[in-house]
Amino acid sequence: MTAAVVLLIILLTLLGLPIFAGIMAAAMVGLHTNQVDVSAIAIEIFRLANAPVLLAIPLFTFAGYLLSEGGTSKRLVRFSRSLFGWIPGGLGVVALVSCAFFTAITGATGVTIIALGGLLFPALVSERYSENFSLGLMTTSGSLGLHFPPSLPIILYGFVSGVSIEKLFIAGVFPGAVMVGILCIFSVCMGKKWKLERPPFSFSEFMHALKGAAWELPIPFLIILAIYTGFSTATETAALTVVYVFTVKVLIFRELTLSGDVPRIMKESMKMVGGILIVLGAALGFTNYLVDAFIPMKILHFLEGLVNSKIGFLLILNFFLILVGCMMDIFSAILVVVPLIMPLAQKFGVDPTHLGIIFLANLGIGYNTPPVGLNLFIASSRFDRPIMQLYRSTLPFLALLLLTLLIITYWPPLSLFLPSLLK
Amino acid sequence: MKILRSIDNAVSRLEGWLIVAFLGTMVTLTFVQVFLRALYIHGHLRWANTLMGQIDWAEPLVRLLVLWTAFLGASLLTGENKHIKIDIMSDLLPRRWLPLRELILSVACICVAALMVKASIGYIRMEMTFGARLFLGIPTWLGQVILPAGFSLLLFRFFIRGLEQTIHVLRGKMP
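Residues numbered from 1 in each chain as written. Chains lettered and ligands numbered in written order. Predicted model: local features only at pLDDT ≥ 70, side-chain atom pairs only at ≥ 80, totals over all residues. Heavy atoms only, no water.

(A) Broad picture of the pattern of salt bridges. Summed over the entire model, instances satisfying the criterion amount to 18 salt bridges over all chains. Between Arg47 of chain A and Glu44 of chain A there is a salt bridge, with the nearest N and O atoms lying 2.8 Å from each other. The exposure class assigned to Glu44 of chain A is buried, which follows from its relative accessible area of 9%. A salt bridge links Glu164 of chain B to Arg5 of chain B, with the nearest nitrogen and oxygen atoms 3.1 Å apart. Of the two residues, Glu164 of chain B sits in helix 7 (residues 146-173) while Arg5 of chain B sits in helix 1 (residues 2-43), which places them 159 residues apart along the sequence. The exposure class assigned to Glu164 of chain B is partly exposed, which follows from its relative accessible area of 27%. Members of the salt-bridge network, linked through shared partners, are Arg75, Glu216, Lys249 and Glu255 of chain A. (Salt bridge = Lys/Arg side-chain N within 4 Å of Asp/Glu carboxyl O. Buried < 20%, exposed > 50% of the residue type's maximum accessible area, 1.4 Å probe, protein only. Helix = DSSP H or I, 4+ residues; strand = E, 2+ residues; numbered from the N terminus.)

(B) Structural context of the packing of helix 20 (residues 374-383) of chain A against helix 21 (residues 387-410) of chain A. Residues and elements named next belong to chain A. Contact geometry for helix 20 and helix 21: axes closest at 9 Å, N-to-C directions at 120 degrees. Between helix 20 and helix 21, the crossing angle belongs to the class labelled oblique. Relative to helix 21, helix 20 is oriented so that their crossing is right-handed. Packed against helix 20, whose contacting residues are Leu376, Phe377, Ala379 and Ser380, the element helix 21 presents Ile387, Leu390, Tyr391 and Thr394 at the interface. Looking at the contact of helix 20 with helix 21, its residues break down into six nonpolar, two polar and no charged. (Axes fitted to C-alpha atoms, helices over the stretch in contact; angles between N-to-C directions. Parallel < 35°, antiparallel > 145°, perpendicular 65-115°, else oblique. Left-handed = near helix turned anticlockwise from the far one by under 90°. Contact = heavy atoms within 4.5 Å. Nonpolar A, V, L, I, M, F, W, Y, C, P; charged D, E, K, R; others polar.)

(C) Spotlight on the packing of aromatic side chains. Under the definition given, this model contains 19 aromatic pairs over all chains. Between Phe186 of chain A and Phe397 of chain A the ring centres are 5.2 Å apart and the planes differ by 85 degrees, which places this aromatic pair in the edge-to-face class. Remark: Phe397 of chain A occurs in helix 21 and Phe186 of chain A occurs in helix 11 (residues 173-194); sequence separation between them is 211 residues. With a centroid separation of 5.2 Å and 75 degrees between ring planes, the pair formed by Phe71 of chain B and Phe151 of chain B is classed as edge-to-face. Linking Phe71 of chain B in helix 3 (residues 58-79) with Phe151 of chain B in helix 7, this pair joins segments that are 80 residues apart in sequence. We classify Phe151 of chain B as buried; its relative accessible area is 1%. (Phe/Tyr/Trp six-rings, centres within 6.5 Å; stacked < 30°, edge-to-face > 60°.)

(D) Structural detail: the interface of chain B and chain A. Taken together, the 54 residues of chain B in the interface contact 54 residues of chain A. Ranking the residues of chain B by area buried against chain A places Arg63, Ile84 and Ile86 of chain B at the top, with a combined share of 15%. Inspection of the region where chain B meets chain A yields two salt bridges. Here Glu236 of chain A ties to Arg37 of chain B by a salt bridge, and the two come within 3.0 Å at their closest N and O atoms. Elements that contribute at least two residues to the side of chain B that touches chain A include exactly helix 1, helix 3, helix 4 (89-92), helix 5 (98-130), helix 6 (140-144) and helix 7 of chain B. Residues that form the side of chain B that touches chain A fall into these classes: 36 nonpolar, eleven polar and seven charged. (Buried area = accessible area lost by both parts, 1.4 Å probe.)

(E) Fine view of unusual backbone geometry. Residue Pro149 of chain A is joined to Pro150 of chain A through a cis peptide bond whose omega torsion reads 0 degrees. Notably, Asn81 of chain B is not glycine yet its phi reads approximately 55 degrees, a positive angle. Taking relative accessible area as the criterion, Asn81 of chain B reaches 26% and is therefore assigned partly exposed.

(F) Molecular detail of a nonpolar patch on the surface. Residue and element names in this part refer to chain A. A cluster of nonpolar side chains, contributed by Val6, Ile10, Leu14 and Met327, occupies part of the molecular surface with about 290 Å² of accessible area. Ranked by the residues each element gives to the nonpolar patch, the list is headed by helix 1 (residues 2-15), at three residues. With respect to the helices and strands, Ile10 occurs in helix 1. Judged by its relative accessible area of 45%, Ile10 is partly exposed. (Patch = residues over 30% accessible without salt bridge, like charges linked within 9 Å, V, L, I, M, F, W, Y side chains within 5 Å. Areas by Shrake-Rupley, 256 points an atom, 1.4 Å probe, with all protein chains shown as cover.)

(G) Looking closely at helix 21 of chain A. For helix 21 of chain A, built from 24 residues, the straight-helix expectation of 34 Å at 1.5 Å per residue is met to within 8% by its first-to-last C-alpha distance of 33 Å. The complete set of buried residues in helix 21 of chain A reads Gln389, Leu390, Tyr391, Ser393, Thr394, Phe397, Leu398, Leu401, Thr404, Leu405, Ile408 and Thr409 of chain A. (Expected span 1.5 Å × (residues − 1).)

(H) Spotlight on the confidence of the model for chain B. Residues and elements named next belong to chain B. Per-residue pLDDT for chain B has a mean of 87; in total, 98% of the residues score no lower than 70. Of all secondary-structure elements in chain B, the lowest mean pLDDT belongs to helix 4, at 72, while helix 3 reaches the highest, 93. Across the interface, the model reports ipTM at 0.91; the global pTM reads 0.89. (pLDDT = per-residue confidence, 0-100.)

(I) Focus on helix 19 (residues 352-366) of chain A. Residues and elements named next belong to chain A. Along its 15 residues, helix 19 runs 21 Å from first to last C-alpha, staying within 8% of the 21 Å computed at 1.5 Å per residue. The element helix 19 is extensively covered by neighbouring structure, given that 14 of its 15 residues are classed as buried. Where helix 19 begins, the side chain of Asp351 points an oxygen toward the backbone nitrogen of Thr353, at a separation of 2.8 Å. (Polar contact = N/O pair within 3.5 Å; in protein donor to acceptor, adjacent residues only side chain to side chain.)

Given below as structure tokens:
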């Protein structure tokens, strides 16, 4: 009977049942078989009101949504163009760097391809980059910058795993930079090979562009500064960010109206937050059951028969997470999988901070992995190209990202060096 | 159906206004706390510290508002059928099957939401007998009202959706 219900839930979820409903149903079935009252799920959900860290999620999301409207994306692209446009393959570098930056300041909420694609893709094609190269670049750019503060997936990972967000923010800096860097080198190589035209560097244009972007460029650095000087906690910094962004967009640039745009953006961003937090609530209820039923222990037992080294475990983890990443969005993936993996990783001696960085890198790559990676579909509809062409065009980028994934996974100091300085 | 839709619209508007008010409160209260602390630590203003003591209810209130706002947002999201889901079947299934799929999913969601309403009412009943307080003497169960209320909103939205899909499926089969 129970098995039939579980099978039904899995089938419905694959059919497109909202993830939260699927997890809640699974938790109910699990608790019921363990003879625990189902109100345990309600208790877990209400625990969300006792978690101080959680406030960072609505606040950073709101700030990110404010930034994704109006001229911020144009000012950022203009600035990075004036800075990198003159090197070979420069516009590719511009696209990668501005996408990573934009993803970071908007908290990695998935708005990058939509906000920047319309600007950068035509520019790339008109400067005679091949269409497939441009498509692949724009698609993969959508998941770059996941590792930079104030990325929402990092905050969620911190919440679920119990690792401090401050530590995770700083741990992501180098791995994130390596990901962007390797793709930039690829773009430079292609630029040289194709002998593309290179506009000369103009100091006056650089100064103009810098002046235009002067309010928005410092945001990630101000966030890091506020947190690591101990001026404010991550959550408080989120509130400061909202006030800062609000001042810039509404009072200084006057791009958003107080009576029309701001309430609309508030609603839009809170819908996103509601969608994530209800999955979080459901996942907490489900985890409660998992722990009661010793499920992580059982998986561990099973795994120990298969692998006995850290390397072997990490290899399986990488495969598994890419699979998860191409089926699920990054938020539900973190919420559902992290509680399962945490005890295993600890057993195999993987640092929880390092694990978080591996998680993000993996899930970001999963976004670009055929057949069902989310970025591929977003890009397919945004640029109006068939999905098969996107599979092909992202392939070289995917290969490079997998290479960085190996570096990130098997060279822990890259992630752990900066946090170790904090102590 | 028409009446249901107009109720739906009115509820959506109310939810929208509450979201704006709650998020505004969350930002303002958190900002004021940081500001006052900075005044006290860096400006050595005694009154800033006193005032901070006066608004010690701000932090638990803001945390509670996160949960309330999340439920309101999730309810709006349900109305637009935009919950996070694994969406591979939309491209694989034949087009004429889609309304039937939506109907099946709506029924499943109605069941889950209804069970959650029941579970959260049970939880509140339990909490009421404890009589614990949140802050400013507000009883804990009042803060928890959002659980049954939120799931009822979701239930209402899924119900409307299910009804619409039923009509759709039935009409589709009639010649």
